[in-house]
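A look at the structure
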Amino acid sequence: MCATYFQYQVNLCDFLTAALCRLGEHQLPPQKELVIGGGFRDGEKVVTVTRGQCREVQALRSNHEEADTRMILHAKYAARTDRRLVIQSPDTDVLILSVSHFTSLGCPELWFRTGLKDRQRMIPVHDIAHALGEKLCGSLPGFHAITGCDSTSFLAGIGKKKAWDSFRHSTEHQDSVSLLGEEQELSVTTACKCEAFVCSLYTTSKKASTVDELRYFMFCQKKQKNEMLPPTSDCLLQHLKRSNYQAFVWRHALEAMQDLESPEGHGWVRDEKHLLPLLMTKAPAPESLLELTTCKCKKSSCLRNCSCNNTGLSCTEGCYCMADDEVCKNPHGVTCISDSEESDEE
């Protein structure tokens, strides 16, 4: 059933593309040229259509799976003869690609048209690229991928504006995130540096060097809801693998034939015929912690209306009192997990 539906889609695209080519040959105004790619049964084929003529363009023959990168490749081809280009798309990913590759396109003036109907607007990509500078433009693919794009998720509680404000004021984080996409395989060094960038988005404290430590700090002190905590180190690693793979694809947008590995092993897994993100390989927390009862006692010293005391449990570091024997007077005692005990459990 799936194979039949897929073939139906291929046939439909091929039929519509061929019809568009014939229409262009008969109705295109003189001096106008239409370039079409990706819709033929041969997905790599690209043609240029003018009045009375349709011919294949070998220079644009491409194996790109994303229209986003293919648009940038076509813009590079158009820049050979035109000084002013306009790219139209509602997709933020395409805008990011336009800015990051502006210098390589070789055109002095590049505009990005976006919006719908009477709410369209023209964004001067050339002005943005000059204002940001080469370094920031080069790190944009990694920044956009790690903070959330069409193929990667965003970080809980962290919007683009907050992330951008932190990112553009830190040359250290710019250097770190710019490493994303340099190679298809995410290196340990790049992962550690990007993890430090993610930690900086949640706190300015230098006490937490990993997101696991940051989660512990926020859980104990800031009373954050579970869904607003940063990801675990294991979960973030999978996210960084996906971000690195996507940034690699974007960085090579101007290469007609991309030599890409399978996404599997880069933060994705295949479930039958579907490609799904691998969220984590370990449990988000020890089972004992997931079933833990915690209290929020501030002034009662855990003697009155204490959820731990009322259920006959001792307080732990997950409670508001943090199991501090100078503050907590729970008659059932306190429980602190030492480093040696954590190591034994691991």
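Here the structure is shown first, and the text comes after it.
Nothing here was measured: the structure is a model prediction, and the numbers come from that model. (Residues numbered from 1 in each chain as written. Predicted model: local features only at pLDDT ≥ 70, side-chain atom pairs only at ≥ 80, totals over all residues. Heavy atoms only, no water.)

Summarising the sheet, strand β5 (residues 109-114) and strand β6 (residues 121-124) pair through four bridges and their orientation is antiparallel. Following the sheet pairing, W111 is matched in β6 by P124. In this structure, the hairpin formed by β5 and β6 is closed by a connection of six residues, where G115 is found at a positive phi of approximately 105°. (Pairing = 2+ DSSP bridges. Helix = DSSP H or I, 4+ residues; strand = E, 2+ residues; numbered from the N terminus.)

Along an α-helix, residues three or four apart share an orientation, since each turn contains 3.6 residues. Look at helix α2 (residues 67-78): 16 Å from first C-alpha to last across 12 residues, which is about the 16 Å you get at 1.5 Å a residue. Listed as buried for α2 are D68, T69, R70, I72, L73, H74, A75 and Y77. Considering only its buried residues, α2 is in contact with β1 (34-37), β2 (46-50), β4 (84-88), α3 (92-100), α4 (102-105) and α10 (233-251). (Expected span 1.5 Å × (residues − 1). Buried < 20%, exposed > 50% of the residue type's maximum accessible area, 1.4 Å probe, protein only. Contact = heavy atoms within 4.5 Å.)

Formed by 25 residues in total, the largest nonpolar core has its most connected members in I146, L180, F197, V198, L201, Y202 and L240. Listing elements by their share of this core, those giving two or more residues are α5 (125-147), α6 (160-168), α8 (188-202), α9 (211-221) and α10. Considering every element that reaches this core, the biggest residue donor is α8, with seven residues. For L201, the residues in contact, after removing those within four places along its chain, are L155, I158, K162, A163 and S166. A79, F102, C149 and A253 belong to the second largest nonpolar core, which has 24 residues in total. (Core = buried A, V, L, I, M, F, W, Y, C linked by side-chain atoms within 4.5 Å.)

Once that is clear, we can look at unusual backbone geometry. A positive phi angle is found at Q31, which is not glycine, with a value near 75°. With respect to the helices and strands, the residue Q31 is situated in the loop between α1 (2-27) and β1. Notably, C302 is not glycine yet its phi reads approximately 65°, a positive angle. Under the relative-accessibility criterion, C302 is labelled buried at 1%.

Alignment of strand β7 (residues 268-271) against strand β8 (residues 274-277), held across four bridges, turns out to be antiparallel. Across the sheet, residue W268 finds its bridge partner in β8, namely P277. If you look at the hairpin formed by β7 and β8, you'll find two residues sitting between the two strands, and E272 has a positive phi there, around 55°.

Quick look at the packing of aromatic side chains now. Counting across every chain of the model gives five aromatic pairs. Between Y245 and W268, the aromatic rings sit 5.9 Å apart at their centres with planes inclined by 75°, giving edge-to-face as the arrangement. Taken as a pair, Y245 in helix α10 and W268 in strand β7 lie far apart in primary sequence, 23 residues in all. For the pair Y245 and W268, a shared accessibility class is recorded, and that class is buried. Counting every residue linked through ring pairs, the aromatic cluster contains F143, W164, F167 and F197. When the ring centre of Y320 is taken as reference, the NZ or CZ atom of K298 above it lies at 5.8 Å. (Phe/Tyr/Trp six-rings, centres within 6.5 Å; stacked < 30°, edge-to-face > 60°. Lys NZ or Arg CZ within 6 Å of the ring centre and 35° of its normal.)

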